[in-house]
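Secondary and tertiary structure notes
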Amino acid sequence: MPDQAQILPGTLDLLILKAVSLGPLHGYGVLLRIGQISDSALLIEQGALYPALFRLVRQGLLKASWGVSENNRRAKFYELTAAGRKRLREETESWNRLAAAMAASLAARAEGI
Amino acid sequence: MLAYLRNLGSKLFRHRQIAEEMDEELRSHIAHRADDLERSGLDRAEAGRRARLEFGARERYREESYEALGGRFFESLLQDVRLALRVLRKSPGFALAAVLTLALAIGANAVVFGVMNALVLHTLNVPDAKSLYGTQYGVDAPFQSYPGYRDLRDRNHSFQDLAAFNFTLGTALDTGNDPQAAGGFATTGNYFTVLDAHPYLGRLYTAADEHGQGSAPYLVLSYGYWHSRFQEDRRVIGRVVSVNKHPFTVIGVAPPGFAGTIMFVSPDFFIPVVEQEVIGGNSLTDRSNTAALFETFGHLKPGVTARQAEADVNRVAAELAKAYPKEFEAKHIVVGRTGLTAFGGAVHGFVAALMALAGMILLAACANLGGLFAAHASDRAREVALRLALGSPRRRILRQLMTEAMLLALAGGTLGVMGGMPLLQRLGAWHPFPGAPLHIPVTTDWRIYAAALALALLSGFLFSIVPVRMVMRAHPYEVVKAGSTARAGRKFTVRDALLVAQIAICALLVTASLVAVRGLVRSVNASYGFDPRNAMTAGVNLANAGYAGARIPQFNRRMIDAVAAIPGVDAVGLVNNYPPLAYAAAWRERVFTEQTRDLTTSHVALRPYRFNVSPGYLKAAGTTLLAGRDFAWSDDKSAPVPALGNRQFALRMFGSINAAMGKHFRIGDGTLVEIVGITEDGKYLSLTEDQEPAILMPSMLYDDPQSYLIVRSRRDPQQLHRLMRAKIHELDAGLTLDIQTWNQLLEVVQFPAKVATMALGALGLMGAILSITGIFGMAAYSVSKRLRELGIRVALGAKRREVLKAALGRAVRLLAFGSVAGLVLGLLATRVLASIVYQATPRDPFVLAGVVLAMALLGLIATWTPAQRALSVDPMILLREE
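For every chain, the first residue of the written sequence is number 1, and numbering continues from 1 onward in sequence order. Chains carry letters and ligands carry numbers; both start at the beginning, A for chains and 1 for ligands, and go up in the order they are written. Only residues with pLDDT of 70 or above have their local features reported here, since the model is predicted, and side-chain atom pairs are shown and tallied only from 80 upward, although totals for entire chains, interfaces and linings are computed over all residues. Only hydrogens and water are removed before side-chain values are computed, so all heavy atoms of the structure are retained for them.

This brings us to the overall build of chain B. For chain B, the count of helices and strands is 28 helices and 24 strands. The classification of residues rests on relative accessible area computed with a 1.4 Å probe and restricted to protein chains. Under 20% of the type maximum is buried, over 50% is exposed, and intermediate values are partly exposed. Taking all 882 residues of chain B together, the buried fraction comes to 52%. A contact between two residues is defined here by any heavy atoms of the two lying within 4.5 Å. Looking at chain B alone, contacts between residues at least 24 apart form 79% of all its contacts between residues at least 6 apart. Methods summary: accessible areas were calculated by the Shrake-Rupley approach with a probe of 1.4 Å, and residue burial reflects only the protein chains presented. Summed over its atoms, the accessible surface of chain B is roughly 39,400 Å², and 59% of this surface lies on carbon and sulfur atoms. Helix and strand labels come from DSSP, where a helix needs a run of H or I of at least four residues and a strand needs a run of E of at least two; each type is numbered from the N terminus.

Put into structure tokens, the structure is as follows:
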């Protein structure tokens, strides 16, 4: 899949927070949602999702509860906490600043200086 | 503690729940993925397989998830411990061998550490023992005279207060018609004050009780003696007992555990030193009598170092030498810790050597276990490979191995301590000489447990690092493909190196113990300059029975004649004080040339040992007279007084035996002496001394109350003992007698060599056991690994010899290699051994042959079982199994 990009280190947490902010999801659902919102452009190894999920739970950014999925299987659903929402906002802002700065830097031309 | 356990318990409980939840979640994920794949057209089985594959290294992510949950140290530790226990249960032989080996090694180290703790770290059982310093016992140490002590006490600037003590050996304590030999201390009045000791009962005497000679007839009992002689009778306070026929009032009992100020000796009672001369002891007024006190000591003033104190003491010595040139010799005085006295160096050296040997045992055990552990781990190569393949981090696998090692080490350590403690307790309760108040002050305290724990952890760490390299290099695919059959490599592996190291150490220990045993045998058979066989000794202190002055030599003559009349007695003689070598009590005389008029210490020509002996002593002692004559009863005090010298004295003083005969010299008090005979050389103070000069003076010209009769006879010692006692008691029933064979009397001087031999022997035995287990382990392992190959060889018609060679050749080669290395090390360690054991030299054909034979025998024993197994290989069964 040459059109898929490896995600940058440290961005997985942000992606997860974003995915979950659109509605409670189970682990596999998070994966699908990230695929969906990134238009399948970002590649995540499936198993790698879980250490990140547990880390976010431990940091109090996500909370988890058992429920039943659309496939009628038992699954653990994750949703944002208040702290998670705040963190998502902050991280999104700082990401945007960084991205804008990077884009501007890379777009620079010789005659513009 | 309870809260901690509960917390741990709840963590343990939660841990299981979390693990189950996590598994369920991961399964759920894979199921959902499989659902999607199935919807895209795959069949269910294929969808499940693809889903699992896409998920990635499940084991690794599970581990990482655990880590992400955080604070899981105890959980993973418990998990490790549980797994380790399971693994060890599966190979009980390995576990047992490891635990026993470690128990042996750690037990030995705990015992040696216990001894070190008692002798080196713990010193005396008094408050602040660490700041107690003083002048030490030595030949002609000037502060060991009473006036010398008093001057030092008053002139020094280093000690808070200075006390001193002396032995009252050979004293008899009588509670009313039952005189019994008892050993006490004569101490300065401030003794208990300086030591900050408080009475268990009654009171202890102080400096205020002393008002000059014979002014303080008070006696303090030691707790132990109060228990054994007075059955803890509290009414003993105020009672009058007699010491050497002189009345003393019992004023108090010292606290339990208070055993005076010298290690190995626990006195029965304490009396003020001002009573010493009264009971027939050394003079307190004679400045040149350096046997008046044994040691002086006191707490250093705050901020004063031992070195400063030594400089201070030597300053006082220089002043005194100027003031009293005749009596006081200006020689360098050593200030040292009180307790071990001048033997401190020897004791420290011995303990250090023991500790080094015990450390080697531990090292050998670790090498042994490292090899076993590596073998054990390589048997599990497949398991390790699988875990690696499933994504378990190497770090985690190593931690698992480490946990196993630590469990083994702790189990071994516990067992070792459990075995070592009773041994230490018995050592502490041991009284090696019934006649002398000697004991080894070993106690068991927390330090020993702490040391054992530290050693267990250290050894666990040491032997668990051996297989680390193997795990780090393990390549899962290779191992799974190749299976667990080891290659019969020609390569020299780490395990081989460990085995060689272990065998080398064991060979060194075996060498050491053989050398020690040989040394002891030699020291027992060495020439002492007298013949202790077929000789009986009777120690008698006439001061006990109230004799003094001229009555002493008269009574000695009567005793000699009475004992000589016993049928079967060949010769009887008498020596004042103690016979040579007994209790290391020889003392030196200052000898001047005949022309010397100024008898100051700087003009001393020679300092030979001096013994006062009666006519007939030479014959009774079995000492050969090389020239001249023995003393005669007709010899008298008219100048020149006759004397005998030993060969060394003749050579050093006059150049040759012939030149010495008939020559004159002066002794310390100025008496002119003529040499009438020359005796053979001998040993006088210790077995290890260089050849020293000695002179013999006629005992009947002096009135020393303490002496030993030497009785040469081939009669049964028990019979002779009874007859001698009866004969002497016919003369005076009130005398206390110390009758034993001369060899028994010498046991004290042979004691260090005996202890060293016992200790080295025990360590050598352990070394032997370790090398057996090491070789056995290695041989058994290589045979079991190569059973299939051996089976094929047998099937192809290999002869027994060839099978054996294939199976065990390597073990035998390693054994030979290690033994040679150990022998060479043993030869290099000569000097260390020689300092402990008299006449120890591993350059001894007997020892060399013994070591080679011992190692060969050990190898034979250790390879016997594996060899049997190799020979009984049935190829059909083996091949069918695969």
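Secondary structure assignment for chain A yields four helices and five strands. When the elements of chain A are put in sequence order from the N terminus, they spell out β-α-β-α-β-α-β-β-α. When the 113 residues of chain A are sorted by exposure, 38% land in the buried category. Relative to all contacts within chain A whose residues are 6 or more apart in sequence, the contacts with residues 24 or more apart total 51%. Accessible surface computed for chain A: about 6,800 Å², of which carbon and sulfur atoms make up 55%.

Right, let's get into the pattern of salt bridges. Residues and elements named next belong to chain B. Within this document, salt bridges are pairs made up of a side-chain nitrogen of Lys or Arg and a carboxyl oxygen of Asp or Glu, the two lying within 4 Å of each other. This model, assessed by the stated rule, comprises 27 salt bridges over all chains. The salt bridge involving Arg44 is made with Glu38; its shortest N-O contact spans 2.8 Å. The partly exposed category is assigned to Arg44, whose relative accessible area is 34%. In this structure, Glu319 and Arg315 form a salt bridge, with 2.8 Å as the shortest nitrogen-oxygen distance. Placement of both Glu319 and Arg315 in helix α9 (residues 306-323) is noted, with a separation of four residues, approximately one turn of the helix.

Turning our eyes to something else, we now look at helix α11 (residues 381-389) of chain B. If you check which residues of α11 of chain B are buried, you get Val384, Ala385 and Leu388 of chain B. Each buried residue of α11 of chain B sits inside an arc of 100° when the element is viewed along its axis, so together they form one side. Within this analysis, the arc is defined by the directions that extend from the helix axis to the C-beta atoms.

As a further point, take the interface of chain A and chain B. Listed as interface residues are 22 residues of chain A and, on the opposing side, 24 residues of chain B. Here chain A meets chain B over a buried area of about 2,100 Å², counting both sides, of which 53% is carbon and sulfur. Accessible area that two parts lose when put together, evaluated with a 1.4 Å probe and summed over both, is termed the buried area. Ranking the residues of chain A by area buried against chain B places Tyr28, Gln46 and Phe54 of chain A at the top, with a combined share of 30%. There are four salt bridges connecting chain A and chain B. Here a polar contact means two N or O atoms within 3.5 Å. Within protein one must be a hydrogen donor candidate and the other an acceptor candidate, and residues neighboring in sequence count only if both atoms are side-chain atoms. Taken together, chain A and chain B are joined by 12 residue pairs in polar contact (both at pLDDT 80 or more). For the side of chain A that touches chain B, the element with the most residues is helix α3 (residues 49-58) of chain A, which contributes five residues. Of the residues assigned to the side of chain A that touches chain B, the class counts are 10 nonpolar, six polar and six charged. We call Asp, Glu, Lys and Arg charged. Ala, Val, Leu, Ile, Met, Phe, Trp, Tyr, Cys and Pro are nonpolar, and the rest, Gly among them, are polar.

In a soluble, globular protein the nonpolar side chains are often hidden away together inside. All names here are of chain B. The nonpolar core is taken to be a set of buried Ala, Val, Leu, Ile, Met, Phe, Trp, Tyr and Cys residues, with the residues joined through side-chain atoms within 4.5 Å. Judged by nonpolar contacts, the single largest core of 83 residues is most densely connected at Tyr191, Phe192, Val220, Phe258, Phe270, Phe297 and Leu408. No other element matches helix α5 (residues 92-121), which puts 16 residues into this core. Contact partners of Leu408, with chain neighbours within four places excluded, come to Leu88, Phe94, Ala95, Ala98, Val99, Leu102, Phe373 and Phe463. In this structure, Tyr528, Leu644, Ala650 and Tyr708 belong to the second largest nonpolar core, which totals 50 residues.

A few words on the environment of Ser158 of chain B. All names here are of chain B. Tracing the sequence through the fold places Ser158 in the loop between α6 (146-155) and β2 (163-167). Note on Ser158: relative accessible area 3%, which makes it buried. At 2.6 Å, the side chain of Ser158 and the side chain of Asp312 are in polar contact.

Bringing the side chain of Arg712 of chain B into the picture now. Residues and elements named next belong to chain B. In this structure, Arg712 sits in strand β23 (residues 706-713). There is a polar contact of 2.7 Å between the side chain of Arg712 and the backbone oxygen of Ala620. In terms of polar contacts, Arg712 uses its side chain to reach the backbone carbonyl oxygen of Ala621, at 3.4 Å. Ignoring sequence-local partners within four residues, the contact set of Arg712 consists of Asp531, Arg533, Asn534, Ala535, Val569, Asp570, Ala571, Lys619, Ala620, Ala621 and Gly622.

Another point: a positive patch on the surface. Residues and elements named next belong to chain B. A cluster of basic residues, Arg16, Arg82, Arg86, Arg89 and Lys90, forms a positive patch at the surface. Looking at which element gives the most residues to the positive patch, the answer is helix α4 (residues 73-90), with four residues. When you line up the elements, Arg89 lands in helix α4. A residue is classified by how much of its surface remains accessible, and Arg89, at 63% relative accessible area, is exposed. The patch calculation keeps residues exceeding 30% relative accessible area without a salt bridge and links them within 9 Å when they carry like charges or within 5 Å when they are nonpolar (Val, Leu, Ile, Met, Phe, Trp, Tyr). None of His or the chain ends enter the tally, which takes Lys and Arg as positive and Asp and Glu as negative. In plain terms, the charge of a residue is placed at NZ if it is Lys, CZ if Arg, CG if Asp and CD if Glu.

On to the confidence of the model for chain B, then. All names here are of chain B. pLDDT runs from 0 to 100 and stands for how confident the predictor is about each residue. This prediction gives chain B a mean pLDDT of 83; 90% of its residues lie at or above 70. A low-confidence stretch, residues 484-490 stays under pLDDT 50, and its non-local contacts, those more than four residues away or across chains, total seven contacts. Note on the complex model: pTM 0.66, ipTM 0.87.

Residues and elements named next belong to chain B. Strand pairing is assigned whenever DSSP detects at least two bridges linking the two strands. In terms of strand pairing, strand β3 (residues 171-174) meets strand β8 (residues 240-243) through two bridges, oriented antiparallel. In the sheet register, Leu173 faces β8, and the bridge partner there is Val243. Bridge analysis of β8 against strand β9 (residues 246-253) gives four bridges, and the strand direction is antiparallel. Each bridged residue has a counterpart across the sheet, and for Val240 the counterpart in β9 is Thr249.

Here we take up helix α27 (residues 845-871) of chain B. Spanning 27 residues, α27 of chain B covers 36 Å between terminal C-alpha atoms, matching the ideal 39 Å at 1.5 Å per step. Two axes enter the definition of the bend at a residue: one is fitted to the seven residues ending there, the other to the seven starting there, and the bend is the angle between them. Remark: the principal bend of α27 of chain B, roughly 45°, maps to Trp864 of chain B, with a proline, Pro866 of chain B, within the next four residues. Any helix carries an expected span of 1.5 Å times its number of residues minus one.

Our next topic: the packing of aromatic side chains. Residue and element names in this part refer to chain B. Paired rings are identified among Phe, Tyr and Trp, the last through its six-membered ring, by centres lying within 6.5 Å, and are further divided according to the angle between planes into stacked (under 30 degrees), edge-to-face (over 60) and tilted (the rest). All chains considered together, the criterion is met by 32 aromatic pairs over all chains. Pairing Tyr191 with Phe297 gives two aromatic rings, centres 5.6 Å apart and planes at 85°, and the pair type is edge-to-face. Here Phe297 lies in strand β11 (residues 295-299) and Tyr191 lies in helix α7 (residues 191-195), a separation of 106 residues in the sequence. Centroid distance Tyr528 to Phe530: 5.5 Å. Interplanar angle 45°. Geometry classified as tilted. Taken together through their ring pairs, the aromatic side chains of Phe165, Phe167, Phe185, Tyr191, Phe192, Tyr205, Phe258, Phe270, Phe294 and Phe297 make up a single cluster. Remark: a charge is flagged as sitting over a ring if the NZ atom of Lys or the CZ atom of Arg is within 6 Å of the ring centre and within 35 degrees of the ring normal. The cationic tip of Arg557 hangs over the ring face of Trp633; the distance from NZ or CZ to the ring centre is 4.2 Å.

All names here are of chain B. At their nearest, the axes of helix α24 (residues 787-795) and helix α25 (residues 800-828) sit 10 Å apart, and the two run at 165° to each other. Taken as axis vectors, α24 and α25 run roughly antiparallel relative to one another. By crossing handedness, the relation of α24 to α25 is classed as right-handed. Where α24 abuts α25, its residues Leu790, Arg793 and Val794 lie against Val803, Ala806 and Ala807. Its residues placed into classes, the contact of α24 with α25 shows five nonpolar, no polar and one charged. Convention adopted: a line fitted to C-alpha atoms gives each axis, helices being fitted over their contacting stretch, and angles between N-to-C directions are expressed from 0 to 180 degrees. Each angle is binned into one of four classes, with values under 35 degrees roughly parallel, values over 145 roughly antiparallel, values of 65 to 115 roughly perpendicular, and all other values oblique. Handedness of a crossing follows from how the near helix is turned relative to the far one, being left-handed for an anticlockwise turn of less than a right angle and right-handed for a clockwise one.

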